[in-house]
Amino acid sequence: MDVVDIARWQFGIITVYHFLFVPITIGMSAIIAAFETMWLRTGNEHYLRLTKFFGKLFLINFAIGVVTGIVQEFQFGMNWSDYSRFVGDIFGAPLAIEGLLAFFLESTFLGLWIFGWDKLPRALHAACMWIVHIGTLLSAYFILAANSWMQNPVGYEFNPDTGRAELTDFWAVMFNQVQMVTFPHTVAACYLTGGAFIAGVAFWLMVRDRTPDADRLMYRKAVRIGSAVALVAGLGVAVTGDLQGKVMTEVQPMKMAAAEALYETEAPADFSVFTLGSLDGSEEIFSIKIPNLLSYLAEGNFDAEVQGINQLREEYKQTYGEDPGAKYYSPGDYTPIIPVTYWTFRLMIGLGAVAAAGAALLLWVTRHKHLRPTGRGWVWLAVSMPLLPVAANSFGWIFTEMGRQPWAVFGLMTTATAVSPGVSVGEAWTSVITLTLVYAVLMVVEVGLMLRYIRKGADPFEEPPTPNLGEPSEEPLTFAY
Amino acid sequence: MELTTVWFSLIAVLWIGYFVLEGFDFGVGMLLPVLSRDDTERRVVINTIGPVWDGNEVWVLVAGGATFAAFPEWYATLFSGFYLPLLLILVALIVRGLAFEYRAKRDEPEWKARWDKAIFFGSLVPAVLWGVAFANIVRGVPIDADKEYVGSTLTLLNPYALLGGLTTLGLFLTHGALFLALKTDGDIRHRARALALVVGVPTAGIAVFFLTWTQLVSGALWSSAAFLAAGLALIGGLYAAWEAREGWAFMGTFAAIGLAVAGLFLALFPDVMPSTIDEAYSLTTTNAAATDYTLTIMTWVAVLFTPIVLLYQGWTYWVFRKRISVHHIPTPVLAQQGS
């Protein structure tokens, strides 16, 4: 393997890993803030107990998302320095703004939320979690704007004197048409993830034997709120995903042809639900198809023509010349690795849809107040709820990033030319091995803690101390590390 | 003033903010095994920075992002050149950040002891390596005509840079000890103040040596003024510590670190990363910068939002202004919940 391969593996590993935790953070922060607000509004102690219980799980998850995020920002310069030189004038700004607007907000107000139970007026304390949530949304906006620019570069000019892409219209980058569909799609997926996490965990606690009967009603509330969020968000993911597919067909037709493994241009084009093909994906052995659906997904019209991979390759060669990065990606110029794009696309949609269906099922099965579902099957549903959207998110990102290959910035810079020329194979290996090992250990620790705190369940109700707004008191802290 | 100069100054401000803030929480992390005698005292030490360390760390993320946006060439050369030290810093920051959050999640002494080690080494490694990195940036490193770093990791471990690492180590330890003296009460407070003097006096010597060396090799008129003021602030801070004026003492190391970092940036200007191969290859505020258009946008964002950030971050320090002592520490989280 050369530095390009190693750097790509590192980017894949640490980015997918980071994004296991991020959607849970984004989705859960909103629901926890809602629990705390409902406690303030109704005085129902269940909502306070849920706030504190899910708050603990949230913090275990948030911590690992934060620390793995630092690597994200550093690795552009470390492994992809030629990329950084080429796009820094455009790509750096959203990253810097993300730090200034979002990271300060999240870290400061989360610190206030964790330690401030006895120091802030109650409404302000709840507001801190809402502010954390706003911070996570801002962060998502700017980082997705940066990514959307890589998918569809706009608002720039290539400057031959400096040899780099330079920003000419900041607002074009902020309101990139890809961003306009990617942000809602990703955020909806985050709510689906957060909702499913809360629904799954609460449902497991609700159905298990050890849970006191009085608490089952409390967990039922969380199941229903989490499931409702997940279900609505799931519909949002579907609608925005559909829009995104149409925009992507316009700006990166190759990615969508690769998603479908559509080799030859077809009109109308069918959508294959499931295909077994030869290993390189070029031959079809068995397949289930829905007639005309792909035409609709791509163009919004059941009879439209959808371009195939072979035609697009010829077109790309006309436009961009021979593919300089061909050796890294697949034997065909300008073609992503088809089995990867084909399967990740289906797994993303399939697992996301199953999660939304699971949420609907949970709403149905918890419809009566005193119904307690029994049986192993329900435990499996509870356990898979948090995992399904997390896996779907990962496949979605693998699809959209692998589907853009061989480009780092579509049409402007190939991934092979983006890597740091000065970094040796040894250094790159050291980095990917070190980070992978550290991350693996942290995963074991994180999952262990998570399970431990889930099994413990929510603590009994305890009236929180009256906030002391005057001079600091001599009472013990309500929360301490 | 040129926008490139504005952004050079803003990046200097971000690094100053990072070192004066995270500097003390690195110090607190390193002093954890030294100053505390049992688990309750360790919790006192950790909880002095509990609500604020994460916000302090964001300064480095914004400094990194701002460098990427305002001086892409600087960001690219620096981060790909200082590869292995940065990797070490990253690993240290990862385990350290998790340690604060996870340490109290279980009550077993072995669990806590493991995270205590993570806090100690996770604070020590960046405290030294940031000094090594900044000394190398100011002194210059081998950069070729293509703006690529062509040295090795060993190039970075020269005596001058190691002295820089020792300086930041000593300054952060002193700063952390004085922060603990200011934020705790009881025994720890007195031990912390005594330790600040024990570490602070030799640190003052090392810092003077390092800053004089810097001034002689790379200094400018203004950097000498900043270094002189840094030295005076440090000595003043230590004197205040001797007089048991903890607030003034902490302000002293706060100012000393801020002024020293400001001096390093003044010594660097107008280069951002000098080349030791040929002066013509040096990265400067001009040849490493983004376009004026990008810098203008970024300036607006910075002007509008930085004051808000400073306000709410300052407010957090006010909310958590109370000194912490052993009787403030609640019973262990898990025991309290009956499991």
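Residues numbered from 1 in each chain as written. Chains lettered and ligands numbered in written order. Predicted model: local features only at pLDDT ≥ 70, side-chain atom pairs only at ≥ 80, totals over all residues.

1. Quick look at the overall build of chain B
- Looking only at helices and strands, one finds 13 helices and two strands in chain B.
- By the compact-globule yardstick of 20 Å for 339 residues, chain B fits well, its C-alpha radius of gyration being 20 Å.
- Along the first, second and third principal axes, the C-alpha set of chain B runs to 65 × 40 × 40 Å.
- For chain B, the proportion of its 339 residues judged to be buried stands at 59%.
- Long-range pairs, those at least 24 residues apart, make up 78% of the contacts in chain B between residues at least 6 apart in sequence. (Helix = DSSP H or I, 4+ residues; strand = E, 2+ residues; numbered from the N terminus. Rg over C-alpha atoms; globule rule 2.2 N^0.38 Å. Buried ≥ 20, exposed ≤ 12 C-beta atoms within 10 Å, placed from the backbone. Contact = placed C-beta atoms within 7 Å.)

2. Overview of the overall build of chain A
- Scanning chain A from N- to C-terminus turns up 14 helices and six strands.
- Relative to a compact globule of 481 residues, whose C-alpha radius of gyration would be 23 Å, chain A shows 24 Å and is just as compact.
- In terms of overall dimensions, chain A has C-alpha extents of about 70 × 50 × 40 Å along its principal axes.
- Every one of the 481 residues in chain A was classed for burial, and the buried ones make up 54%.
- Taking the contacts inside chain A whose residues are at least 6 apart along the sequence as the reference set, 77% of them involve residues at least 24 apart.

3. Quick look at the environment of Ile277 of chain B
Residue and element names in this part refer to chain B.
- Looking at the element boundaries, Ile277 is found in the loop between β1 (271-273) and β2 (283-284).
- Residues Ile277 and Ala145, 132 residues apart in the sequence, show an inter-C-alpha distance of 9.1 Å.
- With residues near it in sequence (within four places) discarded, Ile277 still touches Pro142, Ile143 and Asp144.

4. A look at the packing of helix α1 (residues 3-35) of chain B against helix α8 (residues 159-183) of chain B
Residues and elements named next belong to chain B.
- At a closest axis distance of 7 Å, the pairing of α1 and α8 adopts a crossing angle of 80 degrees. On the basis of their axis angle, the class for α1 and α8 is roughly perpendicular. Every residue of α8 that contacts α1 at Gly23, Phe24, Phe26, Gly27, Val28, Met30, Leu31 and Leu35 is listed here: Leu171, Phe172, Leu173, His175, Gly176, Ala177, Phe179 and Leu180.
- Looking at the contact of α1 with α8, its residues break down into twelve nonpolar, four polar and no charged. (Axes fitted to C-alpha atoms, helices over the stretch in contact; angles between N-to-C directions. Parallel < 35°, antiparallel > 145°, perpendicular 65-115°, else oblique. Nonpolar A, V, L, I, M, F, W, Y, C, P; charged D, E, K, R; others polar.)

5. Things to note about the packing of helix α6 (residues 109-139) of chain B against α8 of chain B
Residue and element names in this part refer to chain B.
- Running from N to C, α6 and α8 cross one another at 135 degrees; their axes reach a closest spacing of 7 Å. Classified by the angle their axes make, α6 and α8 are oblique. Here the hand of the crossing between α6 and α8 comes out right-handed. Counting all contacts with α6, which are made through Ala127, Val128, Leu129, Trp130, Gly131, Val132, Phe134, Ala135, Asn136 and Arg139, the residues of α8 involved are Tyr160, Ala161, Leu162, Gly164, Gly165, Thr167, Thr168, Leu169 and Phe172.
- Here the contact of α6 with α8 is built from residues that sort into twelve nonpolar, six polar and one charged. (Left-handed = near helix turned anticlockwise from the far one by under 90°.)

6. Some thoughts on unusual backbone geometry
- At the junction of Gln405 of chain A and Pro406 of chain A, the peptide bond is cis and its omega measures out at 10 degrees in the coordinates.
- In this structure, Pro406 of chain A sits in the loop between α13 (376-402) and β5 (407-409).
- Positive phi is not limited to glycine here, since Ala261 of chain A has a value of about 50 degrees.
- On the secondary structure map, Ala261 of chain A appears in the loop between α8 (253-260) and β3 (271-277).
- A positive phi angle is found at Ala244 of chain B, which is not glycine, with a value near 65 degrees.
- Within the fold, Ala244 of chain B resides in the loop between α10 (221-242) and α11 (246-268).

7. Focus on the confidence of the model for chain B
Residues and elements named next belong to chain B.
- Residue-level pLDDT values for chain B average 93, and 98% of them are 70 or greater.
- The element-level mean pLDDT for chain B is lowest in helix α13 (residues 333-336), coming to 48, with α8 highest at 97.
- Scored below 50 in pLDDT, residues 335-339 makes six contacts in the model with residues more than four places away or belonging to other chains. (pLDDT = per-residue confidence, 0-100.)

8. Structural notes on the interface of chain B and chain A
- Taken residue by residue, the interface counts 66 residues in chain B and 60 residues in chain A.
- Elements represented by at least two residues in the side of chain B that touches chain A include exactly α2 (39-49), α3 (53-70), α4 (72-81), α5 (83-102) and α12 (292-319) of chain B.
- Here the side of chain B that touches chain A takes 13 residues from α5 of chain B, the largest share from any one element.
- Looking at the side of chain B that touches chain A, its residues break down into 40 nonpolar, 17 polar and nine charged.

9. Thoughts on helix α2 (residues 45-79) of chain A
All names here are of chain A.
- Helix length check: α2, at 35 residues, gives a terminal C-alpha distance of 50 Å against a target of 51 Å (1.5 Å per residue), a fit within 8%.
- Along its length, α2 shows its largest kink, about 30 degrees, at Glu73.
- Of all 35 residues in α2, 30 are buried, a share of seventy percent or more. (Expected span 1.5 Å × (residues − 1). Bend = angle between axes of the 7 residues up to and from the residue.)

10. A closer look at the environment of Asp118 of chain A
Residues and elements named next belong to chain A.
- For Asp118, the location among the structural elements is in the loop between α3 (81-115) and α4 (122-151).
- Taking the C-alpha atoms as reference, Asp118 lies 32 Å from Leu192; in sequence the two are 74 residues apart.
- In this view, Asp118 contacts Pro465, Pro467, Asn468 and Thr478; residues no more than four positions away in its chain are not counted.

11. Comments concerning the environment of Pro72 of chain B
- Looking at the secondary structure, you find Pro72 of chain B in helix α4.
- Through-space distance from the C-alpha of Pro72 of chain B to that of Ala290 of chain B is 6.5 Å; in sequence the pair is 218 residues apart.
- Look past the residues within four positions of Pro72 of chain B in its chain and what remains in contact with it is Ser84, Arg85, Gly88, Asp89 and Gly92 of chain A together with Ala290 of chain B.

12. A word on the pairing of strand β1 (residues 156-159) of chain A
Residue and element names in this part refer to chain A.
- With four bridges joining them, β1 and strand β2 (residues 164-167) adopt antiparallel strand pairing. Directly across from Glu157, in β2, lies its bridge partner Glu166.
- As consecutive antiparallel partners, β1 and β2 are separated by four residues, and within that stretch Gly163 has a phi angle of approximately 65 degrees, a positive value. (Pairing = 2+ DSSP bridges.)

13. So, α8 of chain A
All names here are of chain A.
- Burial analysis of α8 places eight of its eight residues in the buried class, the great majority of the element.
- Regarding α8, the residues found buried are Pro253, Met254, Lys255, Met256, Ala257, Ala258, Ala259 and Glu260.
- Of the residues trailing α8, Ala261 is marked for its positive phi of about 50 degrees.

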